[in-house]
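Observations on the three-dimensional arrangement
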Amino acid sequence: MTSPENRRITDLGTLKAISHPLRMRLYRALFVARTATASQLADQVDEAVSLVSYHLRKLADHGLIEEAGTQSADGRERWWKPSSYGFSIQEEDVRDAPELAAASDAFGRTVNEQRVELHRRFLDERLTWSAEWRSASLSSEWLPRLNAAELSALGEELEAVLQKYDKAARAAEAAGDTEGRENVAVHLHAFPYRS
C-alpha cells in the first residue's frame, strides 16, 4: 500500500536516481495517474517502452515506486504506483555532505526546468481551456520581508493547505466524483534574495 506520508530522501543513490530528468517526468506522471504501466507512461513521455521500463526499475530499486496489483485482465502487464504520498529533501540532511548537496542542487534544477516547461505549456495552450479554467488559474508574486522562522512557518502552512485540498480531491475522486476534474500544478518557491 502506498504510504500516506512523504518519504524523506537522505541517501545519495536515491537522490541521484530521482534527479534524472526522465525519471522525474515518469515519477510525476505516475503520481498523477496513481497507477500505470510502462506502456502507458511511455506514451505520456514519448519514449520507448523498454527505456521507460528500465527507468521505472531504477526508481523501484530506490523505493520511490513499487509494483501495484494487477489492474487489468492482462496479467502480463506490470503496474506501478508511487510508494509514498511524495518525497522531500531537507537542507539539514545535505548541508554537511558536499556530494548530497550537489545532487540536491541538480535535482532542484531538474524539477525547476520541468515546472517552467509545464507552465510554459499552459501559457501556450491557455486559450484552449474554458473561461472557467482560465479564470481559476492563478499566477502571483509576493515579496514579503520575513525572517527565517517566519518563512519556515509560511511553508508549513502552505503545505498543510495544499495537502488538505489534494487529499479531499483524492477522496472525492475515489468516491466517483470525477466530473470537471483536471490535473492542476501548484508550484511554490520561497527563498531569500538580495536586490
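Look a little higher up for the structure.
In short, a report on the structure. (Residues numbered from 1 in each chain as written. Predicted model: local features only at pLDDT ≥ 70, side-chain atom pairs only at ≥ 80, totals over all residues. Heavy atoms only, no water.)

Things to note about the overall build of the protein chain
Quick reminder of the rule: Going along the chain from the N terminus, every DSSP run of H or I of four or more residues is numbered as a helix, and every run of E of two or more is numbered as a strand. The atom set for the radius of gyration is the C-alpha atoms, and the globule formula is 2.2 Å times the number of residues raised to the power 0.38. Type-normalised accessible area, obtained with a 1.4 Å probe on protein chains alone, sets the label of each residue: buried when under 20%, exposed when over 50%, and partly exposed for intermediate values. The charge count includes Lys and Arg as positive and Asp and Glu as negative, but it does not include His or the ends of the chains. Charged side chains are reduced to one point each, which is NZ for Lys, CZ for Arg, CG for Asp and CD for Glu.
A count of helical and extended segments in the protein chain gives eight helices and five strands. Computed over C-alpha atoms, the radius of gyration of the protein chain comes to 18 Å, within 12% of the 16 Å expected from 2.2 N^0.38 for 195 residues, which places it in the range of a compact globule. Structurally, the protein chain occupies a C-alpha span of about 55 × 50 × 30 Å along its principal axes. By residue count, 23% of the 195 residues in the protein chain fall in the buried class. Distance between charge centres in the protein chain, computed from 25 positive and 31 negative side chains, equals 2 Å.

Comments concerning helix H8 (residues 148–174)
We count it as follows: Helices are assigned an expected span. That span is 1.5 Å times one less than the residue count. Each polar contact in these results corresponds to two N or O atoms within 3.5 Å; when the atoms are within protein, one needs to be able to donate a hydrogen and the other to accept it, and residues that are neighboring in sequence are counted only if both atoms are side-chain atoms.
With 27 residues, H8 extends 39 Å from end C-alpha to end C-alpha; this agrees with the ideal 39 Å at 1.5 Å per step. Between the side-chain oxygen of the N-cap and the backbone nitrogen of Ala 149 there are 3.1 Å, and the N-cap of H8 in question is Asn 147. Positioned one or two residues after H8, Gly 176 has a phi angle of 100°, which is positive.

Some details on helix H4 (residues 49–61)
Counted at 1.5 Å a residue, the expected span for H4 with its 13 residues is 18 Å, and the 18 Å between its end C-alpha atoms agrees. Positive phi appears at Gly 63, one or two residues downstream of H4, with a value of about 75°.

Notes on unusual backbone geometry
Of all residues except glycine, most have a negative phi; of all peptide bonds, most are trans. At Arg 34, a residue that is not glycine, the phi angle is positive and equals roughly 80°. Mapped onto the secondary structure, Arg 34 falls in the loop between helix H2 (21–33) and strand E2 (36–37). For Arg 34, a relative accessible area of 30% gives the class partly exposed. One non-glycine residue, Asp 46, lies in positive phi territory at about 55°. By the secondary structure assignment, Asp 46 is in the loop between helix H3 (38–45) and H4.

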